[in-house]
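# Observations on the three-dimensional arrangement
Next come the chains, spelled out residue by residue.
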Amino acid sequence: MSTKLAGLVARAKKEDRLTNVVQYVDEELLRLLNNWLKAGVVERGVVTQASEGVPQGGPVSPVLANVYLHYVLDLRFERRFKKNCRSVAELTRRFADDFMAVFRDQQDAERFQQELEGRLAAFGLRVAPEKTAKLRFDGSLLRGPGRPVERPATFTFLGFTHYLTKARSGCIHLGRKPSAKARERFLCTAATWLTANQHVRVRAQQANVTRML
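Summary of the structure given here. All figures in this text were calculated on a predicted structure; none of them were measured in a lab.

In terms of regular secondary structure, the chain is built from 7 helices and 9 strands. Counting every position in the chain, which comprises 213 residues, the buried fraction comes to 30%. The long-range share in the chain, meaning contacts at least 24 apart out of those at least 6 apart in sequence, stands at 49%.

Sheet architecture is open: 3 strands sit in the order 7-8-9, paired in antiparallel fashion. Of all the strands in the sheet, the pair left with one neighbour each is strand 7 (155–157) and strand 9 (172–178). Going from strand to strand, the sheet's axes swing by 35° on average, the running direction of each strand aside. Inspection of the sheet shows strand 8 (residues 160–166) paired to strand 9 by 7 bridges, in the antiparallel sense. Along strand 9, the bridge assignment pairs threonine 165 with histidine 173.

Right, let's get into the pairing of strand 4 (residues 89–95). In this structure, strand 4 lies alongside strand 5 (residues 98–103), joined through 6 bridges in antiparallel fashion. The residue of strand 5 that forms the bridge with alanine 89 is phenylalanine 103. Taking the residues between adjacent antiparallel strands as the criterion, strand 4 and strand 5 are bridged by 2 residues, where alanine 96 takes a positive phi near 55°.

Right, let's get into the side chain of asparagine 197. Of note, asparagine 197 is situated in the loop between helix 6 (180–196) and helix 7 (202–212). Overall, the relative accessible area of 16% leaves asparagine 197 in the buried class. There is a polar contact of 2.7 Å between the side chain of asparagine 197 and the backbone oxygen of tryptophan 193.

As enumerated under the stated definition, the model contains 7 aromatic pairs in all. Relative to phenylalanine 112, the ring of phenylalanine 81 lies with its centre 5.3 Å away and its plane at 65°, an arrangement referred to as edge-to-face. You can see phenylalanine 81 sitting in helix 4 (residues 60–81) and its partner phenylalanine 112 sitting in helix 5 (residues 106–121), a full 31 residues away along the chain. With respect to class, phenylalanine 81 is no different from phenylalanine 112; both count as buried. Summarising the aromatic geometry, the rings of phenylalanine 103 and phenylalanine 112 are spaced 5.3 Å apart at their centres and angled 45° between planes, so their arrangement reads as tilted. In this structure phenylalanine 103 comes out as partly exposed when scored by relative accessible area, which is 22%. Connected via pairs of aromatic rings, a cluster forms that spans Phe77, Phe81, Phe103 and Phe112. Above the face of the tyrosine 163 ring, lysine 177 is positioned so that its terminal group lies 5.7 Å from the ring centre.

Take unusual backbone geometry next. Of note in the backbone geometry, leucine 158 takes a positive phi value of approximately 55° without being a glycine. Relative to the helices and strands, leucine 158 is located in the loop between strand 7 and strand 8.

Thresholds applied
- Residues numbered from 1 in each chain as written.
- Predicted model: local features only at pLDDT ≥ 70, side-chain atom pairs only at ≥ 80, totals over all residues.
- Heavy atoms only, no water.
- Helix = DSSP H or I, 4+ residues; strand = E, 2+ residues; numbered from the N terminus.
- Buried < 20%, exposed > 50% of the residue type's maximum accessible area, 1.4 Å probe, protein only.
- Contact = heavy atoms within 4.5 Å.
- Pairing = 2+ DSSP bridges.
- Axes fitted to C-alpha atoms, helices over the stretch in contact; angles between N-to-C directions.
- Polar contact = N/O pair within 3.5 Å; in protein donor to acceptor, adjacent residues only side chain to side chain.
- Phe/Tyr/Trp six-rings, centres within 6.5 Å; stacked < 30°, edge-to-face > 60°.
- Lys NZ or Arg CZ within 6 Å of the ring centre and 35° of its normal.

So, in C-alpha cells, the structure goes:
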C-alpha cells in the first residue's frame, strides 16, 4: 500500500505534529526536519515557499515517511493490531511510504484495511487507491495434480514482480524478476551509455554493461 504525505507535512507545519510524533527521535534530526520544511524551493533562480507539502522527489520526503510511519504504522501494527488477529499477520516490507502486509485470514486483511484508513486519516494521510491492492498470494492454489483452477496473483513491489511457482517435486517457490518498467529503464540507460561510448574498446564496453547488469 502507498500513502500520500502532502497532507501529513501540512499538519506537521500547522499543528506541530512533527514534534509530537517524533518525540523520541534525535533532537538534531528533528531540527534538520523542521529546517527542511521551511526551506522553500528554488526554480530558475526564484525561491517559492509552499503553504503545505514538500517538493516532489525532495530528500526530506522519504525521511519524513520513515519517521512518521514508524510510529503511526509499524509500532501500531506490532503492539495493537497483530495481537487481535485470528491467524498469522505480518507487516513484511516497508520502504518509505510503500509497504506490504500479509495475512492468512481474509477477515484480518479486511479489518486491517479499514483500520488503516482511519489511523492514517487521524494524521492527515490517506491510502492511494491506484497503488493499493488486496491480492490472494496463496501457494495452496498450486497444490494438487493437474493445472490449478485459480492461480495465485502476482504483484510488483520496488521494481520487482513477485510470483509463485511449483517445482516438479511439488514444492512451492517464491520467484522474483525485474518488472517491465524496470527493464525498460535499464535498456534505455544501457542504450544511452553505449551510444555515448561507441569509441570505447569492446571489452571495456562489455565490462561496463556487466557491472550495470
